[in-house]
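# Residue-level structural notes
This is what each chain is made of:
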Amino acid sequence: TGRAKQLVLLSRLFQPLNLQTGSEAGWDGRAGEPTCRSQRLMLQAGLIQPSSPGCYHYLPPTVRAMEKLVKVVDEEMQAVGGQKLNMPSLSSAELWRASGRWDQMGPELFRLADRHSKDYCLGPTHEEAVTELVAAQSNLSYRQLPLRLYQVTRKFRDEPKPRFGLLRSREFYMKDMYTFDTSEEAARQTYDLVCDAYRSLFDRLGLPFVKVKAATGSIGGTVSHEFQLPADIGEDRLVLCPHGHFAANVETLNGEQTSCPTCGENLTRTKGIEVGHTFYLGTKYSSVFNAAFYSPENKPQLAEMGCYGLGMTRILAASIEVLSTEDSIRWPSLIAPYQLCLIPPKRGSREEEEEGATLLEQVYNDLAEVLPHLAGDSVLDDRTQMTIGKRLKDANKLGYPYVVVAGKRVREDPPVFEVWDQNAGEVLFLTKEGVIELLSKVRVP
């Protein structure tokens with residue numbers, strides 16, 4: 001049928017599977033390197049492939065997951081008045097010298113010179129660029145503020161030791177937002193607003209995050225928080241109050257703080273993967289580049305700034321790190337590359353003779369009719385030379401939120417399908433109508 005064309009065939013997917021391999025060392029091309037669960041699973045599942053140290057090809061399923069994540073982030077950023085733009089990765093050294101960061105950033109900055117011997121860097125972040133952009137609007141009025149500008153682009157950091165796959169790489173995607181307000185009070189309101197948007201994002205993804213007090217580092221400013229996913233391989237050390245009154249990155253503490261300043265309870269220690277970072281900057285950058293606006297009295301005044309980052313590729317890897325089992329990927333269901341995997345009977349089996357494949361196609365056609373958004377989010381495991389069990393095992397490892405199998409019970413009247421709801425960890429036996437009713441609850445960004 002014309003409609004079934006939308007259905008992606010697993011055999012045609014550019015996703016080099018290596019699911020049979022255990023956890024051999026050297027997954028990343030260099031033996032004996034420390035690896036972590038997300039890195040191993042992403043390599044086995046054909047989601048990423050190393051190209052050079054700390055740089056990866058993101059294969060088509062990963063790009064699908066990324067695009068979904070970007071959509072969810074866009075919704076959250078636009079809900080707080082964010083406007084999306086896109087700034088060049090190539091940034092002139094002049095800008096960075098003006099802010100003092102050309103020297104301060106040291107060897108982490110990828111530096112290069114053009115044919116006219118002008119120095120540039122590949123942007124790890126864009127405070128200088130965006131402040132210069134806003135400063136160029138010479139008659140900005142207080143009526144045009146707050147400005148909340150954000151982008152999702154590739155960033156570059158010359159990591160001394162890239163490791164753990166997408167968790168610490170040299171080229172990665174980041175969502176960075178820069179805000180310009182008329183006063184410190186307004187800027188702090190913006191700060192709370194964006195922090196709430198981050199909370200909402202991680203809640204929607206079902207990720208168990210903590211917001212902790214953080215150091216401002218090379219970005220600067222006076223207030224800073226990190227959004228952390230607790231994980232054994234996390235590179236940040238955190239202390240948390242068991243009742244949630246206090247949470248901090250150890251690097252912000254003076255000496256050994258062991259009890260909560262609010263309730264006195266002993267602080268627990270954990271490790272975390274940083275997935276978001278927020279900074280209140282004040283006029284640190286606006287004063288350098290003269291990013292000013294005209295006040296109601298028509299006087300030029302410096303804008304109060306904040307900046308807010310989300311590590312997009314890091315969120316993907318970190319969510320696999322914290323949600324998956326040792327050998328099976330689990331995605332936040334909202335951003336799984338494909339929501340649904342259909343498994344037809346084995347070629348030559350009795351189920352096949354009983355029209356199992358045709359019945360499954362009918363399920364798909366009805367689904368496409370009623371839930372068109374899911375039709376393009378489905379994959380058919382057409383490797384019918386393999387048993388259902390073998391393909392089911394692969395589907396489980398790849399972490400499709402739902403798997404619909406045309407197994408033995410399609411020979412019943414009416415036919416019954418075996419449905420795996422991976423995130424709930426349960427198997428249901430449903431008629432075609434039951435399958436469609438279950439899937440009607442699925443959200444796709």
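Here the structure is a predicted model, which is why all the values come from computation and not from measurement. (Residues numbered from 1 in each chain as written. Predicted model: local features only at pLDDT ≥ 70, side-chain atom pairs only at ≥ 80, totals over all residues. Heavy atoms only, no water.)

## Brief notes about the overall build of the protein chain
Put simply, the test is: Under the DSSP-based scheme used, a helix requires at least four consecutive residues in state H or I and a strand at least two consecutive residues in state E, with every element numbered from the N terminus. The buried label applies to any residue whose accessible area, calculated with a 1.4 Å probe on protein chains only, is under 20% of its type's maximum; exposed applies above 50%, and partly exposed to all values in between. Only heavy atoms matter for contacts: two residues are in contact if any of them lie within 4.5 Å across the pair. The accessible surface values rely on the Shrake-Rupley method and a 1.4 Å probe; as for residues, cover is taken only from the protein chains in view. Under the counting rule used here, the positive set is Lys and Arg, the negative set is Asp and Glu, and His together with the chain ends is not counted. Where a charge lies is defined by one atom per residue type: Lys uses NZ, Arg uses CZ, Asp uses CG and Glu uses CD.
Assigned secondary structure in the protein chain consists of 13 helices and 22 strands. Across the 445 residues in the protein chain, those meeting the buried criterion constitute 53%. A separation threshold of at least 6 residues defines the contact pool for the protein chain, and within that pool the share at least 24 residues apart is 68%. About 20000 Å² of surface is accessible on the protein chain, with carbon and sulfur atoms providing 49% of the total. Considering the protein chain, the positive charge centre built from 51 side chains and the negative charge centre built from 57 side chains are found 3 Å apart.

## Things to note about the layout of surface pockets
Counted only if it meets this: Cavity: a set of points on a 1 Å grid over the protein atoms alone where a 1.4 Å probe fits but cannot get out. Pocket: an open set with protein on both sides within 12 Å along at least five of seven lines, its lining residues, like those of a cavity, having an atom within 4 Å of a point. Grid points are joined across faces, edges and corners, and a volume is the space filled by probe spheres set on the points. All amino acids are sorted into three groups, where Ala, Val, Leu, Ile, Met, Phe, Trp, Tyr, Cys and Pro are nonpolar, Asp, Glu, Lys and Arg are charged, and the leftover types, Gly among them, are polar.
The space that makes up the largest pocket amounts to roughly 1000 Å³. Lining the largest pocket are 45 residues, with R157, R168, E274, H277 and R314 positioned closest to its centre. When residues of the lining of the largest pocket are traced back to their parent elements, those giving at least two are β9 (171-181), β12 (236-240), β14 (268-282), β17 (304-311) and α8 (312-323). Sort the elements by how many residues they give to the lining of the largest pocket and β14 lands first, with 7 residues. Residue classes in the lining of the largest pocket are distributed as 19 nonpolar, 13 polar and 13 charged. By volume, the second largest pocket is sized at about 180 Å³. Lining of the second largest pocket is provided by 13 residues; of these, P344, A357, L360, E361 and L380 occupy positions nearest its centre. The leading source of residues in the lining of the second largest pocket is helix α10 (residues 356-370), at 4 residues. Counted by class, the lining of the second largest pocket contains 8 nonpolar, 2 polar and 3 charged residues.

## Here's the deal with α8
Put simply, the rule reads: Take the number of residues in a helix, subtract one, and multiply by 1.5 Å to get its expected span.
In this model, α8 (12 residues) spans 17 Å end to end at C-alpha, consistent with the 16 Å of a helix rising 1.5 Å per residue. In terms of burial, α8 is a largely internal element, 10 of the 12 residues being buried.

## Section: the UniProt feature "domain: Aminoacyl-transfer RNA synthetases class-II family profile" (unreviewed entry) in the protein chain
Selection rule: UniProt positions are given in the numbering used here, feature names are shortened, and annotations may be inferred rather than shown by experiment.
Residues annotated in UniProt with the feature "domain: Aminoacyl-transfer RNA synthetases class-II family profile" (unreviewed entry) correspond here to residues 67-332. Here residues 67-332 runs as 27% helix and 31% strand, with 14 Å between its end C-alpha atoms.

## Details of the sheet that holds strand β6 (residues 110-113)
Applicable threshold: Between any two strands, pairing holds if DSSP finds at least two bridges. Fitted lines through C-alpha atoms give the axes, limited to the stretch in contact for helices. The angle between two N-to-C directions lies from 0 to 180 degrees.
Spatial ordering of the open sheet is given by β5-β7-β6, a layout of 3 strands whose pairing is antiparallel. Edge positions in the sheet fall to β5 (90-92) and β6, since each of these pairs with one other strand and no more. Each neighbouring strand pair of the sheet contributes to a mean axis angle of 35°, computed without reference to strand direction. Looking at chain direction, β5 and strand β7 (residues 119-122) are connected through 3 bridges and run antiparallel. What sits directly across from L90, in β7, is L122.

## Notes on the pairing of strand β11 (residues 223-230)
For a regular strand, side chains alternate in direction, first toward one face of the sheet and then toward the other. With 7 of 8 residues buried, β11 lies mostly within the body of the structure. Here strand β10 (residues 210-213) pairs with β11 via 4 bridges, running antiparallel. When the bridges of β11 are listed, V210 appears paired with Q228. Across 8 bridges, the pairing between β11 and β14 is antiparallel. Pairing of E226 across the sheet is with H277, part of β14.

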